[in-house]
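A closer look at the structure
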Amino acid sequence: HPFPSCASLHSPPEAAAMAPKKAKAKAGKKEEPKKEEAPAKRKAEEDKTEEEPASKEAKKDDVPTPPLPPGQVGKVPEPEVEEKETDAPPDKGAAIKDPVIFNTVDTTLNLIPTLGGNVLATLTDGGMQYLIAGARANVGVKAGRYMFEAKVVEALTPFEGWGGRHQGPKPRQLLRFGFSTQNSPVVLGECEEAVYFDSEGAFCSGKKRSQVSQKFGRDQVIAVVLNLDPKSPNANTLSMFVDGKRVAQPQAIPESLHGKTLYPHVAFRNITLQVHFGPSPLKELPFKCRTVGGAAAKDVQVEKKQAAPKDGMYEVILPVGFPDEGTFDALDAWHAKNPGYTELSDRKILEWASQSGLWMARQQGWKSSNDKPNFNFGVAGMDDFSIRRSLNAISSAMPRNYVVMEVKQNLIEADRKEILKRFNAPCFKKVAEVTMGEPPADFKKQQQEKLLKDKQEKEDAMHKAKQADKLRKKTIALRHKEMEAAKKKAEEEAKAAAVEMKEGEEEKNEEKKPDGKKLKLGEVLIVLEWPRKEEKSGLVRMKAKVKSDGSAGWVTIMGNQGTVFAEMLP
């Protein structure tokens, strides 16, 4: 157990009761040796009896360690099955010469790399404490078996406001680490292009999430092993190790990722993370495994992204266009042709918040638009637009290529000048991208395909709804028909049961009658069965035989009103 039990903090009752006796014994004048040894012997026996239940209790509690919350270190259970991974053979080929780093364009704005990029921190104020930071490495694995490690060195608990309304997404401290393709979102989450483990002990692939191990926290070295070796029994799997011990069995990666280059990827919130790519591991695994930093050049692919422009100038692009004239569609098309630009807009904030687990009510009302949507997350740092002010302050201090998408402000000269004031640093070059007039042919074709696709999806949804409604009505009619048949059958059975009951009662009544014979006054009867009172009719009847002719049957000797029809002879 991580904490000592209450019993270990106090002396046992027997020991407390024995203390005065020892004092008395010492106060005495003479004492035989046997009397001195007896308490010690008795105490040793008591200690032995105390140890035996404790050992039994330990055996009883010898079960897998329960999940621990983030920030609390626990014992890692041993795997139940034999390790199938073997030592990596020595590779005589050339190793990669490029360092494994996180390119700026492959990181979120709230991430701060330190110590040469080996330690990653995140901002935790002005709404940033709710958003997940993400970073994807520049070296991807396309063959072989390789690993990288991570370690939580600090867990933060930032202030989230007063009251339940201001509670952010849970868990507050979160870590996700795994592999993804180059085209996956920077925030590692529900995506078909990524597989990862998280600090809650779950394995995630696309929208599927399964619990595979216990939780882990700070000061533990977590290693993730990607096996793409087709000759291995664990081919195309992802495994997790904590402090060099396996805590999760190999998890199969989806077939959609087979044959693709996968890059180390981490995402976290409210923690400080150390990421280690090698060449030697921080914690040795049960088998020898090469790290991504010491990978063979033939097994990996290095993204040669330019860390800084040749002239040292980063671009700040302001698209200028009319509202509701396809400005955001034009920006999406521009992004596809010009990757490597970070978009600054409210729609990106909403997208980032959604990827971080923040839920917002559906956008309604005339005040909400694509340019300025409503912020209704229920947390102060988001709803009061603190997050927008934080991003504006960060972007001006973090050199990278930006696209500032503010439809109204970019169109009005005075507002446009206010935006440009934030990028007064000499490393920024301001560019206005005017999107007006006749759109190009490829944009028209793209929009027409999009409209056709939306229309087709709408028609498909309507068709599915009609089919579902038709099936529902058919099911209801069939159920109604079955209920009517069951009702009719029940009525017939009840009717048949009533007829049968009536016939049975008539037969019983016929049996009770003395062959339909009317007794004469003064006739003598011989009692065959003693009189008994019927509960329903209240009549007192007995079975008797007429002495004169020997006929037998049931005779009423007293009516339900107390009238006596026959008397017992002395």
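What comes next concerns the included structure. Residue numbering note: each chain is counted from 1, following its sequence as written. A pLDDT threshold of at least 70 governs which residues receive local features in this predicted model, and a stricter bar of 80 or more applies before side-chain atom pairs are shown or counted, although totals over entire chains, interfaces and linings include all residues. Calculated side-chain values reflect all of the structure's heavy atoms, with hydrogen atoms and water omitted.

Moving on to the overall build of the protein chain. Broken down by element type, the protein chain carries nine helices and 24 strands. For each residue, the accessible area found with a 1.4 Å probe, counting protein chains only, is set against the maximum for its type, and the residue is called buried under 20%, exposed over 50%, and partly exposed in between. When each of the 570 residues of the protein chain is scored for burial, the buried share is 36%. Looking at the protein chain alone, contacts between residues at least 24 apart form 68% of all its contacts between residues at least 6 apart. In this description, accessible areas are obtained by the Shrake-Rupley approach with a 1.4 Å probe, and a residue is regarded as covered only by the protein chains that are shown. Only carbon and sulfur atoms are counted for the fraction: they give 55% of the accessible area of the protein chain, which is about 35,600 Å². Secondary structure elements follow DSSP: runs of H or I no shorter than four residues count as helices, runs of E no shorter than two count as strands, and numbering proceeds from the N terminus. A contact between two residues is defined here by any heavy atoms of the two lying within 4.5 Å.

Now for unusual backbone geometry. In this structure, the amide linkage connecting K170 to the following residue, P171, adopts the cis form with an omega of -5°. Take P171: it is sitting in the loop between strand 6 (145-155) and strand 7 (174-180). Look at the link from G278 to P279: it is a cis peptide, with omega at 15°. Inspection of the secondary structure puts P279 in the loop between strand 15 (271-276) and strand 16 (290-291). Although it is not a glycine, D219 sits at a positive phi angle of roughly 65°. Secondary-structure assignment places D219 in the loop between strand 10 (208-211) and strand 11 (221-227). The backbone of N236 sits at a positive phi, close to 55°, despite the residue not being glycine. Relative to the helices and strands, N236 is located in the loop between strand 11 and strand 12 (237-242). Looking at N236, the relative accessible area reads 24%, which means it is partly exposed.

As a further point, take the environment of I419. By secondary structure assignment, the location of I419 is in helix 8 (residues 413-421). Owing to a relative accessible area of 2%, I419 belongs among the buried residues under this scheme. Sequence-distant contacts of I419, that is, excluding residues within four places in its chain, are made with L318, V404, E406, Q409 and N410.

Among the nonpolar cores identified, the biggest contains 43 residues, and F148, F177, L238 and L273 are the most heavily contacted of them. No other element matches the four residues that strand 6 contributes to this core. Ignoring any residue separated from it by four or fewer positions in sequence, one finds L238 in contact with F179, V195, Y196, F197, F203, V224, V225, L226, Q249, P250, Q251 and I253. Core analysis: the next-biggest nonpolar cluster, separate from the first, contains 36 residues, L174, Y196, V379 and L391 among them. Here the nonpolar core consists of buried residues drawn from Ala, Val, Leu, Ile, Met, Phe, Trp, Tyr and Cys, with membership extended through side-chain atoms lying within 4.5 Å.

Note on aromatic contacts: the rings of Phe and Tyr and the six-membered ring of Trp form a pair at centre separations within 6.5 Å, being stacked when their planes are under 30 degrees apart, edge-to-face when over 60 apart, and tilted otherwise. Applying the stated rule across the entire model yields 13 aromatic pairs. Ring geometry for F375 versus F377: centroids 6.0 Å apart, planes at 85°, classification edge-to-face. The exposure class assigned to F375 is buried, which follows from its relative accessible area of 8%. In this structure an aromatic cluster arises from ring pairing among F102, F148, F179 and F277. Across from the ring centre of F375, 5.8 Å away, lies the NZ or CZ of R388, which sits over that ring. Placement of a positive charge over a ring is assigned whenever Lys NZ or Arg CZ falls within 6 Å of the ring centre and within 35 degrees of the normal to the ring plane.

Next up on the list: the sheet that holds strand 10. The pairing criterion for strands is at least two bridges between them, as found by DSSP. Read from one edge of the open sheet, seven strands run 1-4-14-7-8-9-10, paired in antiparallel fashion. The sheet is open, and its two borders are formed by strand 1 (102-107) and strand 10, each paired with just one other strand. Strand-to-strand twist across the sheet, computed as the mean angle between neighbouring axes with direction ignored, equals 25°. Of the strand pairs in this sheet, strand 8 (residues 194-198) and strand 9 (residues 202-205) are connected by three bridges, and their pairing is antiparallel. In the sheet register, V195 faces strand 9, and the bridge partner there is S205. Convention adopted: a line fitted to C-alpha atoms gives each axis, helices being fitted over their contacting stretch, and angles between N-to-C directions are expressed from 0 to 180 degrees.

What follows is about the environment of E315. Along the polypeptide, E315 turns up in strand 18 (residues 314-320). In sequence terms E315 and Y341 are 26 residues apart; their C-alpha atoms lie 8.7 Å from each other. Setting aside residues up to four positions removed in sequence, E315 forms contacts with Y341, R400, N401, Y402 and K429.

Okay, a negative patch on the surface next. Each patch is built from salt-bridge-free residues with over 30% relative accessible area, joining like charges within 9 Å and nonpolar side chains (Val, Leu, Ile, Met, Phe, Trp, Tyr) within 5 Å. Throughout this description, the term salt bridge denotes a Lys or Arg side-chain nitrogen within 4 Å of a carboxyl oxygen of Asp or Glu. When charges are tallied, Lys and Arg are placed among the positive residues and Asp and Glu among the negative ones, while His and the ends of the chain are skipped. Taken as the charge location is NZ of Lys, CZ of Arg, CG of Asp or CD of Glu. On the surface, D454, E457, E459 and D460 cluster together into a negatively charged patch. If you trace the backbone, D454 turns up in helix 9 (residues 441-512). Residue class for D454 comes out partly exposed when judged on its relative accessible area of 37%.

Tracing the backbone through its elements, the reader meets L525 in strand 22 (residues 525-533). Counting along the chain gives 22 residues from L525 to K547, while the straight-line C-alpha distance between them is 5.6 Å. With near-sequence residues (within four places) excluded, L525 lies in contact with L519, M542, A544, K545, V546 and V555.

Another point: the pattern of salt bridges. Across all of its chains, the model carries 22 salt bridges by this definition. In this structure, R246 engages E83 in a salt bridge whose closest nitrogen and oxygen atoms are separated by 2.8 Å. One end of the pair, R246, is in strand 13 (residues 245-252); the other, E83, is in the loop between helix 2 (33-60) and strand 1, and 163 residues separate them in sequence. D469 serves as the salt-bridge partner of R472, at 2.5 Å between the closest nitrogen and oxygen. Residue R472 and its partner D469 are both found in helix 9; the two are separated by three residues, about one turn of the helix.

Ordered by their spatial adjacency, four strands build an open sheet running 19-20-18-21, and the pairing between neighbours is parallel. Only two strands of the sheet have a single partner each, and these edge strands are strand 19 (342-344) and strand 21 (428-434). The mean inter-strand angle of the sheet, taken between neighbouring strand axes irrespective of direction, is 25°. Both strand 19 and strand 20 (residues 402-404) contribute to a ladder of three bridges, which runs parallel.

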